[in-house]
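Architecture and fold: a report
These are the residues of each chain, in order.
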Amino acid sequence: MEMKLTIRRVPTVVSNYQDDADKPRAGCGRNCLGDCCLPVSKLPLYAFKANPAKPSQEDAASTKSLVNILLTEWEERMARGLFRYDVTACETKVIPGNLGFVAQLNEGRHLKKRPTEFRVDRVLQPFDPAKFNFTKVGQEEVLFQFENGGDDSYFLNNAPITAADRAPNVVAINVSPIEYGHVLLIPRVLDRLPQRIDPESFLLALQMAAEAASPYFRLGYNSLGAFATINHLHFQAYYLSVPFPVEKAATHKIPLSEDTMKSGVTVSKLINYPVRGLVFEGGNTLNDLATVVSSACIWLQDNNVPYNVLISDCGKRIFLFPQCYAEKQALGEVSQELLDTQVNPAVWEISGHIVLKRRNDYEEASETSAWKLLAEVSLSEERFEEVRAYIFTAAGLVQADDDEEASEGEEATYSPVPVAPMPVAEGCLVLQ
């Protein structure tokens, strides 16, 4: 008999229309993102360069404009009172230690939620139009359309929906933000795609990171079962002007066969980090990197393995984390001490930016407490290596025979953390 694992979940409210999602609507009249309103609407449009080259100093002024435009539009929505709280007033600090975990105190965030039954033992679940989804969001929460501009990048303040035969990609605010500039990238919103990675949508997320051209602007993805709260395909993104701990973590490069190396993609595994994960880098083109990583994600979701993804370094480094915290939680294997923190370790927490709900937890936060929480997220070493082998097969990666694996306590290389001039003013004060 199939066992159904459920836990009582209180998903974060990401839109001001989420609480009304189950109310019947006869005719819309409120300018939403559904079929009733969006096709005949006009919205701002950011067109990105399809094949971004390595940016030169001459290109820097134009490529950084995505971040400037996004944050300007985000602040305008803040001035209009569309957010549920002022995240820029939240206390944030870097925790002393080797990795520099970042802690934020956000005491009210967990109160802005509504209860629901969330199934944690199925990574793939069908889209349910009766539940909240992003077609029910009001257009005032949208910052702009995000579409392929071919050889050029440009921004239009008012543009018709770009293609009648194709659903638009939109960037909208998260009304319960974790950090300054917190937004949602929603691919092909009218196609009502469930929360699952596909190659085209993943490439779009990499293109957004590349167009932003800032190491401080990252995108993240949570699968169902790994603390995604809305079953409508979306990526999250925000701006934080310090390195994430995972970006500073030691890595061990996995030697690949010559045939595998033709794509230019390299793969490493994290060493001496609380959550086991893989790091994908390089690629002859952005599409090469997107193809390899999306193939790995597709295997995970098709085989019911929850996972999180961090898109870092302007789309050039991708961190992939298979995880099992929700399963442990449902089986009663997580300590009450950790449950009492009310921290759900999704992509941002796993990457080292931990949002705490209680002042005491914030004031006593340490590298030890962060490590203790995140270690519960990780697959065991044996299970991780098993999953890694399947991922390599699915992504067409062949490991070279002469690899001498680094143990978790062994010396390994440390990846450099990109440092670039600040493209915009800091949104939040980070105490060092």
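Residues numbered from 1 in each chain as written. Predicted model: local features only at pLDDT ≥ 70, side-chain atom pairs only at ≥ 80, totals over all residues. Heavy atoms only, no water.

Check the secondary structure of the chain and you find 11 helices and 18 strands. Evaluated residue by residue, the chain yields a buried proportion of 58% over its 432 residues. Partitioning the intrachain contacts of the chain with sequence separation of at least 6 by distance along the chain shows that 76% fall at a separation of at least 24. Of the roughly 18100 Å² of accessible surface on the chain, a fraction of 49% belongs to carbon and sulfur atoms. (Helix = DSSP H or I, 4+ residues; strand = E, 2+ residues; numbered from the N terminus. Buried < 20%, exposed > 50% of the residue type's maximum accessible area, 1.4 Å probe, protein only. Contact = heavy atoms within 4.5 Å. Areas by Shrake-Rupley, 256 points an atom, 1.4 Å probe, with all protein chains shown as cover.)

Another aspect to go through is helix α11 (residues 381-394). Between its first and last C-alpha, α11 extends 20 Å over 14 residues, near the 20 Å set by a 1.5 Å rise per residue. Considered for burial, the residues of α11 that qualify are Phe-384, Val-387, Arg-388, Ile-391 and Phe-392. Buried residues in α11, looked at end-on, bunch into an arc of 140 degrees, giving them a common side. Turned more than 90 degrees off the buried face of α11, the exposed positions are Glu-382 and Thr-393. Lining the buried residues of α11 we find β13 (265-271), β14 (278-282), α5 (286-302) and β16 (317-322). With its phi angle positive at about 70 degrees, Gly-396 sits one or two positions after the end of α11. (Expected span 1.5 Å × (residues − 1). Arc of directions from axis to C-beta.)

Before going further, it helps to spend a moment on the packing of helix α2 (residues 65-79) against helix α3 (residues 199-212). For any two helices packed against each other, the geometry is given by the interaxial angle and the distance between the axes. It is the contact of α2 with α3, at a shortest axis distance of 7 Å, that shows an interaxial angle of 100 degrees. In terms of orientation, α2 lies roughly perpendicular with respect to α3. Residues Leu-66, Val-67 and Leu-70 of α2 form the contact with α3, whose participating residues are Met-208, Glu-211 and Ala-212. (Axes fitted to C-alpha atoms, helices over the stretch in contact; angles between N-to-C directions. Parallel < 35°, antiparallel > 145°, perpendicular 65-115°, else oblique.)

Let us now look at the nonpolar core. Among the nonpolar cores identified, the biggest contains 70 residues, and Phe-146, Phe-202, Leu-219 and Phe-280 are the most heavily contacted of them. Not counting residues within four places of it along the chain, the set of residues in contact with Phe-202 comprises Ile-197, Phe-235, Ala-290, Val-293, Ser-294, Val-309, Ile-311 and Ile-318. Among the nonpolar cores identified, the runner-up in size contains 41 residues, and Phe-227, Leu-338, Val-343 and Ala-346 belong to it. (Core = buried A, V, L, I, M, F, W, Y, C linked by side-chain atoms within 4.5 Å.)

Moving on, we get to the pattern of salt bridges. The final tally for this structure, using the stated rule, is 21 salt bridges. Residue Arg-196 is joined to Asp-302 by a salt bridge in which the shortest nitrogen-to-oxygen separation is 3.5 Å. Taken as a pair, Arg-196 in the loop between β9 (183-186) and α3 and Asp-302 in helix α5 lie far apart in primary sequence, 106 residues in all. Within this structure, Arg-166, Arg-188, Asp-191, Asp-198 and Glu-200 form a network of salt bridges that share partners. (Salt bridge = Lys/Arg side-chain N within 4 Å of Asp/Glu carboxyl O.)

All right, on to the packing of α3 against α5 then. Orientation of α3 relative to α5, taken along the N-to-C sense of each, is 130 degrees, at an axis distance of 9 Å. With respect to α5, the axis of α3 lies oblique. The handedness of the crossing between α3 and α5 is right-handed. Residues Pro-199, Phe-202, Leu-203, Leu-206, Gln-207 and Ala-210 of α3 lie in contact with α5, whose contacting residues are Leu-286, Asn-287, Leu-289, Ala-290, Val-293, Ser-294 and Ile-298. (Left-handed = near helix turned anticlockwise from the far one by under 90°.)

We now examine the pairing of strand β10 (residues 217-222). With six of its six residues buried, β10 lies for the most part within the structure. Where burial is concerned, the two faces of β10 agree: the one with Phe-217, Leu-219 and Tyr-221 and the one with Arg-218, Gly-220 and Asn-222 are both buried. Across four bridges, the pairing between β10 and strand β11 (residues 235-239) is antiparallel. Following the sheet pairing, Leu-219 is matched in β11 by Ala-237. Sheet analysis places β10 next to strand β15 (residues 307-312), joined by four bridges and oriented antiparallel. Bridge assignment links Tyr-221 to a residue of β15, and that residue is Val-309. (Pairing = 2+ DSSP bridges.)

To continue, consider unusual backbone geometry. Despite not being glycine, Ala-213 shows a phi value in the positive range, around 55 degrees. Within the element layout of this structure, Ala-213 appears in the loop between α3 and β10.

The next subject is the side chain of Glu-247. One can find Glu-247 in helix α4 (residues 245-248). Classification of Glu-247 as buried rests on a relative accessible area of 3%. A polar contact of 2.8 Å, which involves the side chain of Glu-247, links it to the side chain of Arg-218. (Polar contact = N/O pair within 3.5 Å; in protein donor to acceptor, adjacent residues only side chain to side chain.)

Turning our eyes to something else, we now look at the pairing of β15. Of all six residues in β15, six are buried, a share of seventy percent or more. The two faces of β15 match: Tyr-307, Val-309 and Ile-311 on one face and Asn-308, Leu-310 and Ser-312 on the other face are all buried. Relative to β16, β15 is paired through six bridges, and the arrangement is antiparallel. Residue pairing across strands places Ile-311 opposite Ile-318, the latter belonging to β16.

One open sheet accounts for three strands, arranged β3-β4-β17; its pairing is mixed. On the outer flanks of this sheet lie β3 (92-94) and β17 (353-356), each paired with one strand and no other. The average angle at which neighbouring strand axes cross in this sheet is 20 degrees, direction not considered. Relative to β17, strand β4 (residues 102-105) runs parallel, the two sharing four bridges. Within β17, the residue paired with Gln-104 across the bridge is Val-355.

Attention now moves to the confidence of the model for the chain. Model confidence for the chain is summarised by a mean pLDDT of 85, while 80% of its residues fall at 70 or above. In the predicted structure, residues 1-11 sits below a pLDDT of 50 and forms 37 contacts with residues beyond four places in sequence or in another chain. Predicted confidence for residues 113-117 stays below pLDDT 50, and this span has 19 contacts to residues more than four positions away or in other chains. (pLDDT = per-residue confidence, 0-100.)

Here we take up helix α10 (residues 367-375). Listed in full, the buried residues belonging to α10 are Glu-367, Ala-370, Leu-373 and Leu-374. Considered in projection along α10, the buried side chains sweep an arc of 130 degrees and stay on one side of the axis. Where α10 is buried, its residues touch α6 (325-330), α7 (336-340), α8 (347-351) and β17.

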